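# Geometric and topological summary
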Amino acid sequence: MNSEMERDILKVLVTEEQLRRRVEELGEALYERFRGQRPLFLGVLKGSFVFMADLVRACQLKSDIEFIAVSSYENATVSSGRVKINHDLQQDITGRHLILVEDILDSGNTLAFLKEYFLAKGAASITLVTLLDKPARRTKAVTADLAGFTVPDEFVVGYGLDYAQQYRNIPYIGVLKPEVYAG
């Protein structure tokens, strides 16, 4: 594949085929867990949108879809530690079983904040699903119920993950060359 973004990628961590297979497995696991229920898939924008679209298709349940937009990075490579809601839920979640879909679990700040926030809003349960788990960066005691891949402490982009709003459309997970973001 030729792309003007390719030159900024140091190496491929997770291929398109590996992503496809793992998302199917995660969808099947969610189907088994929520069979007979109508969960609410809740994507954390913007990074989760590609993963969530594929995950919802892989999980053939009657379900609802909702999004929340939060920020904690502000175009940096490390979380600021402060989570701000930029776009809140548009429906009542009281008594609902949430499948909270995130692109990457690193520090845990965002997911710890959201879990507390949704429980306070009356969610019956919250299942955390993350495409990537980066335990080396964890500062909060948060673990995913389902995780696609564990990744090393490198700056990753693609399949929805970005650096300064770019690289989301790369169809695999790649490591960004340090000179791109070290500037």
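Now for a quick tour of the structure. Note that the coordinates shown come from a computational prediction; the quantities given were computed from them, not determined experimentally.

This part takes up the overall build of the protein. Each helix and strand in the protein was counted, giving 4 helices and 9 strands. Its C-alpha atoms give the protein a radius of gyration of 16 Å, within 12% of the compact-globule value 16 Å for 183 residues. Summarising its shape, the C-alpha atoms of the protein cover approximately 45 × 35 × 25 Å along the three principal directions. The buried share of the protein, taken over its 183 residues, is 46%. Put simply, the protein shows about 9200 Å² of open surface, and 48% of that area lies on carbon and sulfur atoms. If you average the places of the 22 positive and of the 25 negative side-chain charges in the protein, the two averages end up 3 Å apart.

Relative to the helices and strands, Arg-168 resides in the loop between strand E8 (156-157) and strand E9 (173-176). The contacts of Arg-168, once residues within four sequence positions are left out, are Lys-46, Gly-47, Phe-49, Gly-158, Tyr-159, Gly-160, Leu-161 and Asp-162.

This brings us to the sheet that holds strand E1 (residues 9-14). The sheet built from 3 strands is open, its strands ordered E1-E9-E8 with antiparallel pairing. Two strands close off the open sheet at either side, each with one partner strand: E1 and E8. Here E8 pairs with E9 via 2 bridges, running antiparallel. When the bridges of E9 are listed, Val-156 appears paired with Val-175.

Here we come to the sheet that holds strand E6 (residues 125-133). Pairing is mixed across the open sheet formed by 6 strands, whose spatial order is E4-E3-E2-E5-E6-E7. What marks the edges here is a single partner per strand, and that holds for strand E4 (84-87) and strand E7 (146-150). Each strand of the sheet is rotated relative to its neighbour by a mean of 25°, with strand direction disregarded. Across 8 bridges, strand E5 (residues 97-105) lies against E6 in parallel orientation.

Another point: the pattern of salt bridges. Under the counting rule described, the total for this entry stands at 12 salt bridges. For Glu-17, the salt bridge identified is with Arg-21, shortest N-O distance 3.2 Å. Here the residue Glu-17 and the residue Arg-21 both occupy positions in helix H1 (residues 16-34), the gap between them amounting to 4 residues, near one helical turn. According to the relative accessible area criterion, Glu-17 is partly exposed, its value standing at 35%. Using a relative accessible area of 41% as the deciding quantity, one classes Arg-21 as partly exposed. In this structure, Arg-138 engages Asp-133 in a salt bridge whose closest nitrogen and oxygen atoms are separated by 2.4 Å. Using a relative accessible area of 14% as the deciding quantity, one classes Asp-133 as buried.

If a residue is not glycine, its phi is most likely negative; likewise, a peptide bond is most likely trans. Cis geometry is adopted by the peptide bond preceding Lys-46, which originates at Leu-45 and carries an omega value of 5°. Relative to the elements of secondary structure, Lys-46 occurs in the loop between strand E2 (40-45) and helix H2 (49-58). One non-glycine residue, Tyr-159, lies in the positive phi region at around 55°. With respect to the helices, strands and loops of the structure, Tyr-159 is situated in the loop between E8 and E9. Backbone geometry places Gln-165, a non-glycine residue, at a positive phi of 70°. Relative to the helices and strands, Gln-165 is located in the loop between E8 and E9.

All right, on to the packing of aromatic side chains then. When we look at a pair of aromatic rings, we describe it by the centre distance and by the angle of the planes. Scanning all chains against the criterion turns up 5 aromatic pairs. With centroids separated by 5.9 Å and ring planes inclined at 10°, the aromatic side chains of Phe-113 and Tyr-117 adopt a geometry described as stacked. Of the two residues, Phe-113 and Tyr-117 both sit in helix H3 (residues 109-120), 4 residues apart, roughly one turn of that helix. Since its relative accessible area comes to 19%, Tyr-117 is described here as buried.

Definitions and cut-offs
Here, residues in each chain are numbered from 1, in the same order as that chain's written sequence. Restriction of local features to residues with pLDDT of at least 70 applies here, the model being predicted, together with a cutoff of 80 or more for giving and counting side-chain atom pairs; totals for whole chains, interfaces and linings are based on all residues. Neither water nor hydrogens contribute to the side-chain values; these are computed over all heavy atoms in the structure. Strands are runs of DSSP state E lasting at least two residues, helices are runs of H or I lasting at least four, and both sets are numbered from the N terminus onward. Our radius of gyration is a C-alpha quantity, and the globule rule it is checked against amounts to 2.2 Å times the number of residues to the power 0.38. Burial here depends on accessible area, computed with a 1.4 Å probe over protein chains only, as a share of the maximum for the residue type. Under 20% is buried, over 50% is exposed, and the range in between is partly exposed. The Shrake-Rupley method, run with a 1.4 Å probe sphere, supplies the accessible areas, and residue values consider only the shown protein chains as cover. The positive count covers Lys and Arg only, the negative count covers Asp and Glu only, and His and the chain ends enter neither. To locate a charge, take atom NZ for lysine, CZ for arginine, CG for aspartate or CD for glutamate. Between two residues, a contact is recorded if the distance between any of their heavy atoms is within 4.5 Å. DSSP calls a pair of strands paired once it identifies at least 2 bridges connecting them. Note on geometry: axes are lines fitted to C-alpha atoms, helical ones only across the stretch in contact, with angles between N-to-C directions running from 0 to 180 degrees. One speaks of a salt bridge when a side-chain nitrogen belonging to Lys or Arg is within 4 Å of a carboxyl oxygen belonging to Asp or Glu. Note on ring pairs: Phe, Tyr and Trp rings are taken, using the six-membered ring of Trp, and paired if centres are within 6.5 Å. Classes follow the plane angle, with under 30 degrees stacked, over 60 edge-to-face and the rest tilted.

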